[in-house]
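Architecture and fold: a report
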Amino acid sequence: MMDALSANQSRTPGHQWAGQNGWSAASPPGPLCNPLPSFQHLSLGSPSDQRPGHDHLQVSNHGCLSDLRNHSQSMVFTDNAELSVQHYIPDAHVSHVVPAASHERNLPPCSLPLMNNGSQPSNPQGASAYPPHSPYQTISAPFHPPYSHHVALNGPQSLQQTPISPPSFGQGADQNPQCARQPAYQKNVESPVSAGYVHTSASPNSPIQQQPQWALPSQSRGNTKEFVSSAAVQDGNITPQSPNSESRYGLDPELLPNAVKVIAEDRAEWGGKVFVSEPFSQLPPLATTSCIVEDRGNTSPFAIRSLSYCVPCEGQTALLSRLPLGALVTPLSKQNAGEEPVPLCKEPECVLGCSCCGASMCPAMGWQDCGQRFYCPFCGKLSEVPWQHYQPTNGVEGARVDKDKRPELSVGSYEILHSQKGEPAALLLAIDVSASALRGGHLEFVTQQIHSLLTSLNSEDGDSLSDVRVGLMTYDSRIHLYNLSPALSRPHMLVIMETEDLQLPVTDGLLVSLKDCIHSIDSVLELIPQFSAECDDSSGVPMELPVRAGLAILQALSSPGKLLIFHTASLTEMGHTSSSSGFFGSNKPKSIFQPSEPAVSLAKECVRQGCGVHLFVLSQQDVGGAWPGHIPYLSGGALHTYSHLQGELDRERFTTDLKRIAETHTGYKAELRMFVSKDLRVSGCYGLFLPGPAPSQVVMATLDQWTTLAVELSHTRGLDEKRGVAIQTVLSYSTRTGDRRTRVHTLTLRCSPHLQDAFRHFQAQTLLTFYCKKMYCAVLERPLQELREELQTEVTEALASYRKHCSSASVSAGQLVLPQYLRALPVYINSLRKSEVLLPGLRNSIHQRLQQRCQVLALDTSGTVTHFYPLLLPLPLSAEDSIPPNPEQALRCRALSLEPRGLYLVHAPLTLLLWVGTQVPASTLVELFNTSCFSALSSGETKLPVLENPLSLSVRSLVDTLNSLVPCARKLWVVKQGDTCEEALQRHLVEDKSPNGGASYADFLYHLHINSVRLLQ
């Protein structure tokens, strides 16, 4: 089934919808075994995104909807020390909510009106009967209550019956006078060891209009601390809302959990400070917080970040949480400034690990018999200690006396240097010299940049870069190899005509040390722009041709390396591909993401050889052509596209990308093995790699500091609470110089039989990254609609589980309850659901979606979070502004944050936008853009002029700082308010409705709450 359908296809009668979902359409309506009809009905996709068998939320009473939208909301938000957050959100079962302290502040009670005249009040006792059941059973025939409230989050409204109870809303200032007012009652919110605040809205009929203020209520129960805010809206001070920011249900976006505030609070607590990582340590700082990690037996969270730092002891408890167990692994994570480097020990001096399962030595091993044996937590067996490495322990089962002298016994991360040495890595350059490339006029620039790069590498004093082996080849429909041996007076060219069965007649001089062949390479680079076209490339050049040639050179010399291909000609398909045939000829939208079999086969050869392919496409490819990115990304490389390198911005980006690829610390021929406690198993692994026979073993051609994998765990039996959980990753790889090393990371976690402890130790950013990698890998096999529904279902069930098992019994049905560290999870998940990969828009081409999927999968945790919730940074308007530009002063990603008098910078790993308001002072435009007229300022790709004034210096410095944090070079886009290119900005305002039909944050959160409450009824 195609992912996008026309709007009229989604208007299918309810009985037909039930039949297509496996339920009998003829079965009589009955009580729900599982009150979860809204999972299928409350679809957040656009109308064109729905399959014919799925209904939207529709409006059954337009007058009622119009009335409800004008009602104000009554909300309570409680942030307690037991790591829970609670909101009041109107619900069908709640008529009104008034905090205990409201009477003491002389606030009139907030009444929740009935439905519009013509509708009867809902009867909770007679509307539907829900027998005792498991909240996660399957759904029987849908039950239709007598009154329904249907709203399509994305798309037009139509009349349709959907089994959803009418939600109650707080009374608004322009409420329908015919709506009856019910007597108020008082609801006390009680939770163990809670500290937070409660927010309500004053009644619209109140004669007193107050600004929000905080006060401590006089009545507190136990150690519960509540702060009451009275926020009344003044008619004269209403902030105009953007249509994309408005909620269909009247929710005030200011009262929703704030992701920016969560990040700011964590930075205030940990920014620049030292986090001590000890065994069974506390919850670490967020991935977006820069801090110093001190390794005292547990690896850094930047190397292994667990989804939950307290694992449920039983598998049933873990399933009850509805949240995944696992970890994010960044094996070659970069050390932050101020941190100690990863200690290095030589293989003969290192204590050997478990002889049964192969796990490496770590602090999690338990010593017995005075140090003669140790217990392995990964297999549960005892191993003997060789006499060469024996040392006594402090007591029969204490720590070894030499613990502090051995990294493998005292720290969570260390590296082993093996005695055997392999071939050093090579840098192989392949340049397209076809007729298209010679006509393009950019070969001279490309060769100049390659010359500058090799010169800079050769001039590195005392660095191994000058010893790197370099090779050069050119190609059109043939392969031209160059013998760069220093024994020759000038390079020799070897032309290979037969490219079907590629074989190298000679191998001498194909890879030579840079310092020995720099002059020979320079002479060839000078001649390349002067080549004459000898072959017709109208039919294109196969992508596999330069890859197979470069791979043959590396295989002949038994060397890993990086293959840099500079390609211009049109790309052709490599044999039969399932991509195009699956997209146009079948009903499986997953096929557009699947690489062809020849591409997978060639990528496997690259992985075995340790060849990372980096493809520079120097011309604009046809939209319908083959996408060349599968092989580069599956081999640890990347795809970089440019437009003939004619513009200054493209040339700067090309230069930056080329230098960064050559200088990035890279591991070659990498093999990653994962070990977990004997009562757990690795059930899945997600990332940019070719899957192997077992998820616990991953083989990669190359990897760098951003390479991050998501590992999913599951229980095999109950865990021992005393022993806890241990997770270990062992990465074996080769360095640039050919040294074989093994980097070991070990993380130990606590266990608990209580579900609440697990919820307390989840972090929203970690879950977002895990879900992103899992879903972006699942698009190869599953329909996009199904993945979006699964995301919504898992989060809703998790909220329902936390509400049922971990919140106070006094929580009402209209109160949203969230664990404190998962406050930002709804906005993150909504942003993931409506991303271009999972929810394609009209302006997103298939190539753009394929590229974005691979680029996001290659990001680490911090980059993934910033991609799905970009930084919206206000810029100063003058040098005298008291607030200099600071990445930590971010605003919420919504249109309400933008003011016409402001300048705002939007930072995401793949995008950098500068939004300019219509009322920006002319002096600011002169200082920053060297123009005084807003209309004269051009939108689109730009480069800030180099002006010698404080404002220009500070903004350009901020841009340079942000560019240093991302793995690829970006262009700066200027977006003027009201301009046609403003849609590029709207895609990054993730709290608003997106241009591709994605729901707003407020609407998505509302439906999460409604669905989670109905699960428990």
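Note that this is a predicted model, so its numbers are computed, not measured.

Before going further, it helps to spend a moment on the pairing of strand β16 (residues 426-432). The buried count for β16 comes to 7 of 7 residues, which makes it a mostly enclosed element. Neither face of β16 is exposed, since Ala426, Leu428, Ala430 and Asp432 on one face and Leu427, Leu429 and Ile431 on the opposite face are all buried. In the sheet, β16 pairs with strand β22 (residues 561-567) via 6 bridges, with the strands oriented parallel. Within the sheet, the bridge partner assigned to isoleucine 431 lies in β22 and is phenylalanine 566. Note: β16 against strand β17 (residues 469-475), 7 bridges, orientation parallel. Note on β17: the bridge partner recorded for leucine 428 is glycine 471.

A few words now on the pattern of salt bridges. Close approach of charged atoms allows side chains of opposite charge to pair. Counted under the stated rule, the structure contains 33 salt bridges. The closest approach of N and O atoms between arginine 894 and glutamate 254, which form a salt bridge, is 2.5 Å. Taken as a pair, arginine 894 in the loop between β33 (871-875) and β34 (903-908) and glutamate 254 in the loop between β5 (228-230) and α4 (259-270) lie far apart in primary sequence, 640 residues in all. With a closest N to O distance of 3.2 Å, glutamate 408 and arginine 406 form a salt bridge. Beyond isolated ion pairs, a larger network of salt bridges with shared partners links Arg400, Asp402, Arg406 and Glu408.

For strand β27 (residues 680-686), the buried fraction is high: 5 of the 7 residues fall into the buried class. Of the pairings in the sheet, the one linking β27 to strand β29 (residues 709-715) comprises 6 bridges and is antiparallel in character. Among the inter-strand pairings, leucine 680 is bridged to a residue of β29, identified as histidine 715.

Inspection of every chain in the model, using the stated rule, returns 17 aromatic pairs. The interplanar angle of 50° and the centroid separation of 5.9 Å between the aromatic rings of phenylalanine 445 and phenylalanine 654 together place this pair among those described as tilted. Separated by 209 residues along the polypeptide, phenylalanine 445 in helix α8 (residues 443-458) and phenylalanine 654 in helix α14 (residues 648-663) bring together distant segments of the chain. The pair phenylalanine 445 / phenylalanine 654 is uniform in exposure class, with both members buried. Ring centres of phenylalanine 616 and tyrosine 642 lie 6.4 Å apart, and the angle between their planes is 10°; on these two criteria the pair is classed as stacked.

Before going further, it helps to spend a moment on the sheet that holds strand β36 (residues 940-942). Pairing is mixed across the open sheet formed by 5 strands, whose spatial order is β33-β34-β35-β37-β36. Whereas interior strands pair on both sides, the edge strands pair on one side only; in this sheet they are β33 and β36. Averaged over all pairs of adjacent strands, the angle between strand axes in this sheet comes to 30°, irrespective of strand direction. Pairing of β33 with β34 involves 5 bridges; the strand directions are antiparallel. Paired with leucine 872 across the strands is valine 906, a residue of β34. Sheet contacts for helix α21 (residues 922-929): β34, β35 (911-916) and β37 (972-976); angle to β35, the most-contacted strand, approximately 150°.

The next thing to look at is empty space enclosed by the protein. The tally for this structure, following the rule as stated, stands at 16 cavities of 30 Å³ or more. Approximately 80 Å³ is the volume attributed to the second largest cavity. Taken together, Val260, Ile263, Ala264, Arg267, Tyr869, Pro870, Leu871, Glu888, Ala890 and Leu891 make up the full set of residues lining the second largest cavity. The class makeup of the residues in the lining of the second largest cavity is 8 nonpolar, no polar and 2 charged.

The residue lysine 381 is located in the loop between β13 (373-375) and β14 (382-384) in this model. Lysine 381 sits 24 residues away from cysteine 357 along the chain, and the two C-alpha atoms are 8.9 Å apart. Not counting residues within four places of it along the chain, the set of residues in contact with lysine 381 comprises Cys356, Phe374, Tyr375 and Cys376.

Summarising the element assignment, isoleucine 631 is placed in helix α13 (residues 630-634). Residues isoleucine 631 and proline 595, spaced 36 residues apart in sequence, show a C-alpha to C-alpha distance of 8.6 Å.

Glancing now at the nonpolar core. When a protein is soluble and globular, its nonpolar side chains tend to lie buried together. Tyr828, Leu905, Leu914, Val916 and Phe929 are the most contacted members of the largest nonpolar core, which has 135 residues in total. Per-element accounting of this core gives the leading share, 10 residues, to helix α16 (residues 764-778). When neighbours within four sequence positions are excluded, leucine 905 is seen to be in contact with Leu871, Leu872, Leu873, Leu875, Leu912, Leu913, Leu914, Leu958, Val959, Leu962 and Leu972. Residues Leu484, Phe566, Phe616 and Phe654 belong to the second largest nonpolar core, which totals 35 residues.

What follows deals with the sheet that holds β29. A sheet is described by the order of its strands in space; here 4 strands give the open sequence β8-β10-β29-β27, paired in antiparallel fashion. At either end of the open sheet lies a strand with only one pairing partner, and these are β8 (304-306) and β27. Strand-to-strand twist in this sheet, taken as the mean axis angle between neighbours without regard to direction, amounts to 25°.

Further remarks concern the packing of α16 against helix α17 (residues 784-805). Packed helices, taken two at a time, are described by the angle between their axes plus the distance between the axes. At a closest axis distance of 11 Å, the pairing of α16 and α17 adopts a crossing angle of 155°. By the angle class used here, α16 and α17 are roughly antiparallel. Considering how the two elements wind past one another, α16 and α17 form a crossing that is right-handed. Judged by residue contacts, Tyr771, Met775 and Ala778 of α16 engage Leu787, Glu790, Leu791 and Glu794 from α17. Across the contact of α16 with α17, the residue classes tally to 5 nonpolar, no polar and 2 charged.

On the surface, Met493, Val495 and Met497 cluster together into a nonpolar patch covering about 290 Å² of accessible area. Within the secondary structure layout, methionine 497 lies in the loop between β19 (492-496) and β20 (512-513). Exposure remark for methionine 497: the relative accessible area of 55% places this residue in the exposed category.

Count 3.6 residues to each turn of an α-helix, and residues three or four apart come out pointing the same way. The terminal C-alpha atoms of α17, which comprises 22 residues, lie 32 Å apart, in line with the 32 Å expected from a rise of 1.5 Å per residue. With 18 of 22 residues buried, α17 is to be regarded as a mostly interior element.

What follows concerns helix α9 (residues 514-527). If you check α9, its first and last C-alpha atoms are 19 Å apart, about what 14 residues at 1.5 Å a residue would give, namely 20 Å. Among the residues of α9, Leu514, Cys517, Ile518, Ser520, Ile521, Asp522, Val524 and Leu525 are the ones counted as buried. Among the structural elements, β16, α8, β17, β18 (479-483) and β20 are those in contact with the buried residues of α9.

Of the residues in the chain, 72% have a pLDDT of 70 or more, and the chain-wide mean is 76. Every residue in residues 88-241 scores below 50 in pLDDT, and together they form 391 contacts with partners more than four places removed in sequence or on other chains. Low confidence marks residues 576-590, where pLDDT is under 50. Its contacts with residues over four positions away, or in another chain, come to 29 contacts.

This part takes up the packing of α16 against helix α20 (residues 861-868). In contact at an axis separation of 9 Å, α16 and α20 are set at 85° when each is read in the N-to-C sense. With respect to α20, the axis of α16 lies roughly perpendicular. On α20, the residues that touch Gln765, Leu768, Thr769, Cys772 and Tyr776 of α16 are Thr861, Thr864, Val865 and Phe868. Among the residues forming the contact of α16 with α20, the class breakdown is 5 nonpolar, 4 polar and no charged.

This part takes up the side chain of asparagine 483. Mapping asparagine 483 onto the fold places it in strand β18. Judged by its relative accessible area of 19%, asparagine 483 is buried. Within the structure, the side chain of asparagine 483 is placed 3.1 Å from the backbone nitrogen of serine 485, a separation counted as a polar contact. Discounting chain neighbours no more than four positions away, the residues touching asparagine 483 are Leu488, Pro491, His492, Asp508 and Gly509.

At arginine 322, a position not held by glycine, the phi torsion is positive, near 65°. Within the secondary structure, arginine 322 is located in the loop between α5 (315-321) and β10 (325-329). The exposure class assigned to arginine 322 is partly exposed, which follows from its relative accessible area of 27%. The phi dihedral of serine 558 is positive, around 50°, even though this residue is not glycine. Within the element layout of this structure, serine 558 appears in the loop between α10 (544-556) and β22.

About the criteria used
Residues numbered from 1 in each chain as written. Predicted model: local features only at pLDDT ≥ 70, side-chain atom pairs only at ≥ 80, totals over all residues. Heavy atoms only, no water. Buried < 20%, exposed > 50% of the residue type's maximum accessible area, 1.4 Å probe, protein only. Helix = DSSP H or I, 4+ residues; strand = E, 2+ residues; numbered from the N terminus. Pairing = 2+ DSSP bridges. Salt bridge = Lys/Arg side-chain N within 4 Å of Asp/Glu carboxyl O. Phe/Tyr/Trp six-rings, centres within 6.5 Å; stacked < 30°, edge-to-face > 60°. Axes fitted to C-alpha atoms, helices over the stretch in contact; angles between N-to-C directions. Contact = heavy atoms within 4.5 Å. 1 Å grid on protein atoms, 1.4 Å probe; cavity = no way out; pocket = protein on both sides within 12 Å on 5 of 7 lines; lining within 4 Å. Points joined across faces, edges and corners; volume = space filled by probe spheres on them. Nonpolar A, V, L, I, M, F, W, Y, C, P; charged D, E, K, R; others polar. Core = buried A, V, L, I, M, F, W, Y, C linked by side-chain atoms within 4.5 Å. Parallel < 35°, antiparallel > 145°, perpendicular 65-115°, else oblique. Left-handed = near helix turned anticlockwise from the far one by under 90°. Patch = residues over 30% accessible without salt bridge, like charges linked within 9 Å, V, L, I, M, F, W, Y side chains within 5 Å. Areas by Shrake-Rupley, 256 points an atom, 1.4 Å probe, with all protein chains shown as cover. Expected span 1.5 Å × (residues − 1). pLDDT = per-residue confidence, 0-100. Polar contact = N/O pair within 3.5 Å; in protein donor to acceptor, adjacent residues only side chain to side chain.

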